[in-house]
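# Chains, contacts and geometry: an overview
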Amino acid sequence: MARGKNFLSRIRLVYKRSSNVTKIVVLCAIVLSMAALIILGNAIQDARARAEALRSQASRLERENNRLSSLIDSLGTVAGIEQIAREELGLVDPDSVIITPGK
């Protein structure tokens, strides 16, 4: 332990004044680092906004997919066929009575 203490007492730190070039280089490094942080912050914010837009689009497409799946499932039923005949083809059940307003 005495040897370590003796060794540390012999170490002497000498501070030199830095040159103006060194100061300018350090200042430029700090400024460039700050600019990079700002640019990366904006990129992260844009990526988050895009991710939210994609989540919204995925949700909307999932709802549309569910709607179309249930429409496909109803196509094989009698009620589904009648609905298509009425809405898309304008057909009417032969036993139905249609009343149209007079002109």
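The structure reproduced in this document is the subject of the present report.

Check the secondary structure of the chain and you find 3 helices and 0 strands. Along its sequence from the N terminus, the chain presents helices and strands in the succession α-α-α. In terms of overall dimensions, the chain is more spread out than a globule: its C-alpha atoms have a radius of gyration of 39 Å, far above the 13 Å expected for 103 residues. If you line up the chain on its principal axes, its C-alpha atoms span 115 × 45 × 20 Å. In the chain, which comprises 103 residues, the share counted as buried stands at 2%. Approximately 10100 Å² of the chain is accessible, and the part contributed by carbon and sulfur atoms is 62%. Both charge centroids of the chain, one from 15 positive and one from 10 negative side chains, sit 44 Å from each other.

Procedures and definitions
- Residues numbered from 1 in each chain as written.
- Predicted model: local features only at pLDDT ≥ 70, side-chain atom pairs only at ≥ 80, totals over all residues.
- Heavy atoms only, no water.
- Helix = DSSP H or I, 4+ residues; strand = E, 2+ residues; numbered from the N terminus.
- Rg over C-alpha atoms; globule rule 2.2 N^0.38 Å.
- Buried < 20%, exposed > 50% of the residue type's maximum accessible area, 1.4 Å probe, protein only.
- Areas by Shrake-Rupley, 256 points an atom, 1.4 Å probe, with all protein chains shown as cover.
- Lys, Arg positive; Asp, Glu negative; His and termini not counted.
- Charge placed at Lys NZ, Arg CZ, Asp CG, Glu CD.

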